[in-house]
Amino acid sequence: PAAGESEGLAAPPPTVTRRALEDRERRALRLAEESLAHVNRSVGPVGQAVFDRLLKACNEVAWRGKSVLVLNQIRVDPPYGPEDCRLVGGARDGADEAAARLHADSLERVKKIVASTPALGTG
């Protein structure tokens, strides 16, 4: 090899098909739309921070007006403190003791996550 050249030349870059690029673009657009759906412009930064923290921890979180619905069983209302977390719907009417305990444990976990949100000054 000449001066400055290395023995093992790098392999050529892999070929990328048009279909692979289109698939990647569709995926990126879908992820961007999902992220945008998680933003609620009618709440302040504390509400959004609580939502984001719960989404990261629980993955099944949605906005219901200005309230955050977690796992379809716990609602966090403004001003988004631990005392604003409540069981809703069927979660309140536990069919059996085991289900009631599970819901109570979920509620306590959500309260801890809400309390640990940096926007509330404790995380």
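Residues numbered from 1 in each chain as written. Predicted model: local features only at pLDDT ≥ 70, side-chain atom pairs only at ≥ 80, totals over all residues. Heavy atoms only, no water.

## Regarding the overall build of the protein chain
Point 1. Helix and strand content of the protein chain: three helices and four strands.
Point 2. Scanning the protein chain from its N terminus toward the C terminus, one meets helices and strands in the order α-α-β-β-β-β-α.
Point 3. In the protein chain, which comprises 123 residues, the proportion classed as buried is 27%.
Point 4. Carbon and sulfur atoms provide 55% of the accessible area of the protein chain, an area that totals close to 8,700 Å². (Helix = DSSP H or I, 4+ residues; strand = E, 2+ residues; numbered from the N terminus. Buried < 20%, exposed > 50% of the residue type's maximum accessible area, 1.4 Å probe, protein only. Areas by Shrake-Rupley, 256 points an atom, 1.4 Å probe, with all protein chains shown as cover.)

## A word on the side chain of D84
Point 1. Locating D84 in the fold gives a position in the loop between β3 (74-76) and β4 (85-87).
Point 2. Summary of buried charges: D84 has no salt-bridge partner, and the nearest side chain of opposite charge, R86, is 4.6 Å away.
Point 3. Polar side-chain contacts of D84 include one of 2.7 Å to the backbone nitrogen of G81. (Lys, Arg positive; Asp, Glu negative; His and termini not counted. Salt bridge = Lys/Arg side-chain N within 4 Å of Asp/Glu carboxyl O. Polar contact = N/O pair within 3.5 Å; in protein donor to acceptor, adjacent residues only side chain to side chain.)

## Quick look at the nonpolar core
Point 1. By size, the foremost hydrophobic cluster in this structure holds 19 residues, and its most contacted members are L54, V61, V68, V70, V76 and V110.
Point 2. For this core, the secondary structure elements donating two or more residues are α2 (45-58), β1 (61-64), β2 (67-70), β3, β4 and α3 (97-115).
Point 3. A per-element tally of this core places α2 first, with five residues.
Point 4. Excluding its chain neighbours within four sequence positions, the residues that come into contact with V61 are F51, L54, L55, V68, L69 and V70. (Core = buried A, V, L, I, M, F, W, Y, C linked by side-chain atoms within 4.5 Å. Contact = heavy atoms within 4.5 Å.)

## Let's talk about the pairing of β2
The two faces of a sheet get side chains in turn, since along a regular strand they alternate between them.
Point 1. Burial along β2 is two-sided: the residues S67 and L69 and V68 and V70 are all buried.
Point 2. Hairpin remark: β1 followed by β2, antiparallel, with two residues in the connecting loop; positive phi at G65, about 65°.
Point 3. Across three bridges, β2 lies against β3 in antiparallel orientation. In the strand pairing of β3, L69 is matched with R75.
Point 4. Hairpin connection, β2 to β3: the antiparallel pair is bridged by three residues, and L71 has positive phi, about 55°. (Pairing = 2+ DSSP bridges.)

## Concerning the sheet that holds β1
Point 1. Spatially, the four strands line up as an open sheet ordered β1-β2-β3-β4, and their pairing is antiparallel. Edge positions in the sheet fall to β1 and β4, since each has one partner strand and no second. Direction aside, neighbouring strands of the sheet carry axes that sit 30° apart on average.
Point 2. Sheet strands touched by α2: β1, β2 and β3. Its angle to β1, the strand with the most contacts, is close to 150°. (Axes fitted to C-alpha atoms, helices over the stretch in contact; angles between N-to-C directions.)

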